Amino acid sequence: MTAVSTPLSLTYLRPATAVEQLLVARFQPVFDRIAEGNVARERNRTFPFEQVQWLKDADFALIRVPEELGGFGASLEQTFYLLALLAEADANVAHIWRNHLAFVEDRLNARPSPGNERWFQRFRDREFVGGGWTEANNGTYATIKTVVTREDDHYKITGAKFYATGSLYADWLDVIGKDADGTLITTLVNRHQPGVELTDDWPGFGQRTTASGSALYKDAIAYDGDVFPASERVVYQGHFYQTALLAVLTGIGRAVLRDGIAALKSRGRNYPQGLDPVPALDAQLLQVIGEVSVRAFSAEAALRRAAASRPHRSRTCGRRRRPAR
């Protein structure tokens, strides 16, 4: 996609211009390809590097970026709906994209600057952002141990993160640490440097191929434009992350309904106590499908309502306004 110059504005947010049906038409074939090997990947814990790359190649990373900056100009509602469709195909892959889409949203809300212009070029160049906030010490941001130190024309980052979702697929890692004054600092660290070590050691519950293991930083380097106070992050970032999870859960619900219908249709015989010799005509079995359908519908309705109504107070001005969706 082609980018053009950015007009003067407080942020990079613009009114949404995308047509949902066209977005679905563009990305659903990619989602369908991703769905084909989902079960085998889950069973064998095969990481979906190829599938993530398909989405990069299709410019899924630019879905929220305004058209004038080379993106699709989707609203938040359209973005989360597409993420739910992706989760229906493979919930792991959808979760992998959560941190990247959140950082794009953060840059959309940032003031125009040369550093942020570089970030939008990186998005257009299909560079991918993974997570790196949580530390395995049961602490809070107040007790965070990762240190960000200014040295000459660069910064050094030292610390250890856990639950670094999407890190193995990433070019950049979104890391939170503290400077010498104890201020929380966001640092975007280039993953491809000697000071970064990523380990696939996630032993926990849930999605198994999201690369949610450890990330170790030892004097990793970052530069101006990639380092800024955490207080400058978009004020609704917590809501964005949680709505992204709702999108993943919505997709899982849609997949359960899809697979349940397919399983019922494929059954050739019913239980002796069944209400009909044909399982797909058994009222009790159809009731179960109906209940799942209601839950899937409710999740999608909640997702759309949550994504369509998110007023926020911009950090760039005192008045209350709606973000461009």
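Thresholds applied
- Residues numbered from 1 in each chain as written.
- Predicted model: local features only at pLDDT ≥ 70, side-chain atom pairs only at ≥ 80, totals over all residues.
- Heavy atoms only, no water.
- Salt bridge = Lys/Arg side-chain N within 4 Å of Asp/Glu carboxyl O.
- Helix = DSSP H or I, 4+ residues; strand = E, 2+ residues; numbered from the N terminus.
- Buried < 20%, exposed > 50% of the residue type's maximum accessible area, 1.4 Å probe, protein only.
- pLDDT = per-residue confidence, 0-100.
- Contact = heavy atoms within 4.5 Å.
- Core = buried A, V, L, I, M, F, W, Y, C linked by side-chain atoms within 4.5 Å.
- 1 Å grid on protein atoms, 1.4 Å probe; cavity = no way out; pocket = protein on both sides within 12 Å on 5 of 7 lines; lining within 4 Å.
- Points joined across faces, edges and corners; volume = space filled by probe spheres on them.
- Nonpolar A, V, L, I, M, F, W, Y, C, P; charged D, E, K, R; others polar.

Draft legend 1. Structural view of the pattern of salt bridges. Counting across every chain of the model gives 19 salt bridges. Close ionic contact of E68 with R14 constitutes a salt bridge, the shortest N to O distance being 3.2 Å. Here R14 lies in the segment before α1 (20–36) and E68 lies in the loop between α3 (49–57) and α4 (76–89), a separation of 54 residues in the sequence. With a shortest N-O distance of 2.9 Å, R126 and D59 are connected by a salt bridge. Taken together, the positions of R126 in the loop between α7 (114–124) and β1 (129–132) and D59 in the loop between α3 and α4 put the pair 67 residues apart, joining distant regions of the chain. Note on R126: relative accessible area 34%, which makes it partly exposed. A residue is classified by how much of its surface remains accessible, and D59, at 5% relative accessible area, is buried. Each member of the salt-bridge network shares a partner with another, and the members are E20, E77, E88, R254, E300 and R304.

Draft legend 2. Spotlight on the confidence of the model for the chain. In this model, the chain carries a mean pLDDT of 88, and residues with pLDDT of at least 70 account for 90%. By mean pLDDT, strand β10 (residues 320–321) is the weakest element of the chain at 34, and α1 is the strongest at 98. Every residue in residues 1–8 scores below 50 in pLDDT, and together they form 19 contacts with partners more than four places removed in sequence or on other chains. Taken together, the stretch residues 311–325 has pLDDT below 50 and engages in 47 contacts with residues farther than four places along the chain or on a different chain.

Draft legend 3. Examining the environment of I96 more closely. Mapped onto the fold, I96 is located in helix α5 (residues 91–96). Residue I96 is classed as buried on the basis of its relative accessible area, which comes to 0%. Distance from I96 to S266, taken between C-alpha atoms, is 32 Å for residues 170 residues apart in sequence.

Draft legend 4. The nonpolar core, seen in detail. Among the nonpolar cores identified, the biggest contains 80 residues, and F60, L83, L86 and W97 are the most heavily contacted of them. For this core, the element with the most residues is α4, which contributes 10 residues. Those residues in contact with W97, other than ones at most four positions away along the chain, are V52, L55, K56, F60, A61, L83, L86 and F128.

Draft legend 5. Local environment of empty space enclosed by the protein. Taken as a whole, this structure holds 2 cavities of 30 Å³ or more when the rule is applied. Here the lining of the largest cavity is built from residues that sort into 7 nonpolar, 1 polar and 2 charged.

Draft legend 6. Representation of the layout of surface pockets. Counted as a void, the largest pocket has a volume near 300 Å³. For the largest pocket, the lining is made up of 18 residues, of which N38, E42, A89, D90 and A91 are closest to its centre. For the lining of the largest pocket, the elements supplying multiple residues, two or more each, are α1, α2 (38–44), α4, α5 and α8 (237–266). Here the element with the most residues in the lining of the largest pocket is α8; it accounts for 5 residues. Of the voids in this model, the second largest pocket is the one considered here, and its volume is about 250 Å³. Around the second largest pocket, the lining residues are H95, R98, N99, G131, G132, W133, T134, Y141, Y163, T165, D174 and Y241. Here the lining of the second largest pocket is composed, by residue class, of 4 nonpolar, 6 polar and 2 charged.

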